[in-house]
Amino acid sequence: MPLAYIDTSNPEHKSKVYDSDFMWALANTRSPEDVNAGDYAALMYIGGSAAMFGVADHPGLKALAVRIYEQQRGIVSAVCHGSAGLVDLTLSDGTALVSGKRVTGYPDAFEDKSAAYYKTFPFSIEQRLLERKGLFSHGARNTSHVEIDGRLITGMNWQSTRDVATAIIQSLEAEAGAARVDPVTSR
């Protein structure tokens, strides 16, 4: 989270800021280039307006997401402004990962286009996903809205985070259940 959002009068924020182990972990987070896609079954782009900067065009992050999706047959997911990470994901056949798939993210209808923060955004998530042939939709403001299209799972806003996480877990459990076939009963 950007430092501008930290409020040390909030007990949860304060506990993290003064937790040396937590701060060490943040300072020593591995870069996407140092992560082995084979170790993961899912990748989630988390929201917040900071996701609009440096996420969509990060070569290592894009390569990791595509490897998890294609080589691992894993899940790629996003919540809110985290859907910015999906806009430039291109599969090995040259198509956009979102092409022809149901997808959501924070919609233009809920952005304050006159606000200073919005004027700094490099692109509109909704418009970029539509340009990539994503089938963009959204729900009512301040409600959870999740789109599940195979191994692409997206949520419209922060209220959707729990439902996206639940959908990821259910998908992984279903895949694991399908992979476990009892040779005695399957004859």
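Asks: Give me the lowdown on empty space enclosed by the protein, citing residues and values where you can.
Replies: If a probe as big as a water molecule is rolled over the atoms, it shows which places are left empty. Counted according to the given criterion, the structure contains one cavity of 30 Å³ or more. For the largest cavity, the calculated volume is near 40 Å³. Lining the largest cavity are M52, H81, Y106, D108, E111, Y118, F121, F123, S124, I125 and E126. Taken together, the residues of the lining of the largest cavity break down into six nonpolar, two polar and three charged.

Asks: With reference to specific residues and values, describe unusual backbone geometry.
Replies: One non-glycine residue, C80, adopts positive backbone phi at about 60°. Counting through the fold element by element, C80 comes out in the loop between β2 (75-79) and β3 (102-103). Residue class for C80 comes out buried when judged on its relative accessible area of 10%. Phi angles above zero are rare outside glycine, and N142 is one such case at about 60°. Relative to the elements of secondary structure, N142 occurs in the loop between β4 (135-136) and β5 (146-149).

Asks: So what's going on with the packing of aromatic side chains? Which residues, and what values?
Replies: Across all of its chains, the model carries five aromatic pairs by this definition. Between Y117 and F121, the aromatic rings sit 5.4 Å apart at their centres with planes inclined by 70°, giving edge-to-face as the arrangement. Accessibility expressed as a relative area gives 35% for Y117, which makes it partly exposed. What links up through ring pairs into an aromatic cluster is the set F53, Y117, Y118 and F121. K16 extends its terminal NZ or CZ atom over the ring of F22, reaching a point 5.1 Å from the ring centre. The ring of Y69 has R151 sitting right over it, with the charged end atom 4.0 Å from the ring centre.

Asks: I'd like to hear about a nonpolar patch on the surface, residue by residue, with values.
Replies: There is a patch of nonpolar side chains on the surface, built from F22, M23 and L26 and spanning about 250 Å² of accessible area. As for its position among the elements, F22 is in helix α2 (residues 20-27).

Rules behind the numbers
Residues numbered from 1 in each chain as written. Predicted model: local features only at pLDDT ≥ 70, side-chain atom pairs only at ≥ 80, totals over all residues. Heavy atoms only, no water. 1 Å grid on protein atoms, 1.4 Å probe; cavity = no way out; pocket = protein on both sides within 12 Å on 5 of 7 lines; lining within 4 Å. Points joined across faces, edges and corners; volume = space filled by probe spheres on them. Nonpolar A, V, L, I, M, F, W, Y, C, P; charged D, E, K, R; others polar. Helix = DSSP H or I, 4+ residues; strand = E, 2+ residues; numbered from the N terminus. Buried < 20%, exposed > 50% of the residue type's maximum accessible area, 1.4 Å probe, protein only. Phe/Tyr/Trp six-rings, centres within 6.5 Å; stacked < 30°, edge-to-face > 60°. Lys NZ or Arg CZ within 6 Å of the ring centre and 35° of its normal. Patch = residues over 30% accessible without salt bridge, like charges linked within 9 Å, V, L, I, M, F, W, Y side chains within 5 Å. Areas by Shrake-Rupley, 256 points an atom, 1.4 Å probe, with all protein chains shown as cover. Salt bridge = Lys/Arg side-chain N within 4 Å of Asp/Glu carboxyl O.

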